[in-house]
Amino acid sequence: MQVVFREFNPFDLWIWLEFSMVPSSMEKEYVEELFNSWFFLGKLGGFDAENLQVQDVGIDISYMEYDDKVADSSLMSVMHNKSDFEFEGTWARCWFDLGTSDAIAIDVLINSLRQLSKEYVIIERLYLGGENEDWPIDNDRRALFSEAQQN
């Protein structure tokens, strides 16, 4: 799976997937569940790079002491909103407002999609940001997402 970064605005981000062939209904469900799970973790603040206590300790975490004060002192890092997933031929897309979630969220998404592509549905390319010329985003939809973002 090739990963391509285009114009990246975390508050107005389109994520595009290009499949090798038109995905089946089950394959579409796998993709949607992955993105819904990723967004739910983000909505709950799971992608807070300021509080990676376990990661920072290293390999041996036996009897590690977790510091609640460190966790409580980190800035809130949550995703805000998303659209429904859309499929058209060999393409899929979804809009996100990543809010204040940290870039680790993108790494987690890429890692998850790479494994999904190896085991369940072949994804040729993942595009983060920008638009596709052959599947434009009309201004009405853009306004709808902007309104949802403000609510």
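Relevant structure appears above.
Please read all numbers here as calculations on a predicted model, not as lab measurements.

Participant: Help me understand helix H4 (residues 104-119) in this model?
Facilitator: An α-helical turn contains 3.6 residues, so any two residues separated by three or four positions project in the same direction. Taking 1.5 Å as the rise per residue, H4 with 16 residues should run 22 Å; its terminal C-alpha atoms sit 23 Å apart, in good agreement. For H4, the complete set of buried residues consists of Ala-105, Ile-106, Leu-109, Ile-110, Leu-113, Leu-116 and Ser-117. Across the axial projection of H4, the buried residues extend over an arc of 130 degrees, all falling on one side. Those residues of H4 that are exposed and aimed more than 90 degrees away from the buried face are Asn-111 and Lys-118. Buried-residue contacts for H4 involve strand S1 (2-5), strand S2 (13-19), helix H1 (25-43) and strand S6 (123-128).

Participant: Explain the environment of Ala-105 to me, please; I cannot follow it from the model alone.
Facilitator: Along the polypeptide, Ala-105 turns up in helix H4. Residue class for Ala-105 comes out buried when judged on its relative accessible area of 0%. Put simply, Ala-105 and Phe-47 are 58 residues apart on the chain and 5.4 Å apart in space, counted from C-alpha to C-alpha. Not counting the four nearest positions on each side in its chain, Ala-105 is found in contact with Trp-38, Phe-47 and Met-79.

Participant: What's the story with the packing of H1 against H4 in this structure? I'm lost.
Facilitator: Between two packed helices, what matters for the description is the angle formed by their axes and the separation of those axes. Where H1 contacts H4, the two axes come as close as 11 Å, and the packing angle between them is 160 degrees. Of the possible angle classes, the one that applies to H1 and H4 is roughly antiparallel. In terms of crossing hand, the pair formed by H1 and H4 is right-handed. Contacts between H1 and H4 pair Tyr-30, Val-31, Leu-34, Phe-35 and Trp-38 from the former with Ala-105, Ile-106, Val-108, Leu-109, Ser-112, Leu-113 and Leu-116 from the latter. By residue class, the composition of the contact of H1 with H4 is 11 nonpolar, one polar and no charged.

Analysis parameters
- Every chain is numbered on its own, with residues counted from 1 as its sequence reads.
- Residue-level local features of this predicted model are given only where pLDDT is at least 70; pairs of side-chain atoms are given and counted only at 80 or more, and the full residue set underlies all totals for whole chains, interfaces and linings.
- To obtain the side-chain values, all non-hydrogen atoms of the structure were used and water was disregarded.
- Here a strand is any run of E in DSSP of at least two residues, a helix any run of H or I of at least four, and the numbering for each starts at the N terminus.
- Expected helix span is given by 1.5 Å per residue-to-residue step, counting one fewer step than there are residues.
- Each residue is assigned to one of three classes by its accessible area relative to the maximum for its type, calculated with a 1.4 Å probe on protein chains only: buried under 20%, partly exposed between the two thresholds, exposed over 50%.
- The reported arc concerns the directions from the helix axis to the C-beta atoms and nothing else.
- A contact between two residues is defined here by any heavy atoms of the two lying within 4.5 Å.
- Axes, fitted as lines to C-alpha atoms, cover a helix only where it is in contact. Angles between the N-to-C directions of the axes lie from 0 to 180 degrees.
- Should an angle lie under 35 degrees it is considered roughly parallel, over 145 roughly antiparallel, and from 65 to 115 roughly perpendicular; all remaining angles are considered oblique.
- The hand of a helix crossing depends on one turn: near helix anticlockwise from the far one by less than a right angle means left-handed, and clockwise means right-handed.
- When residue character is reported, Ala, Val, Leu, Ile, Met, Phe, Trp, Tyr, Cys and Pro are called nonpolar, Asp, Glu, Lys and Arg charged, and the others, Gly included, polar.

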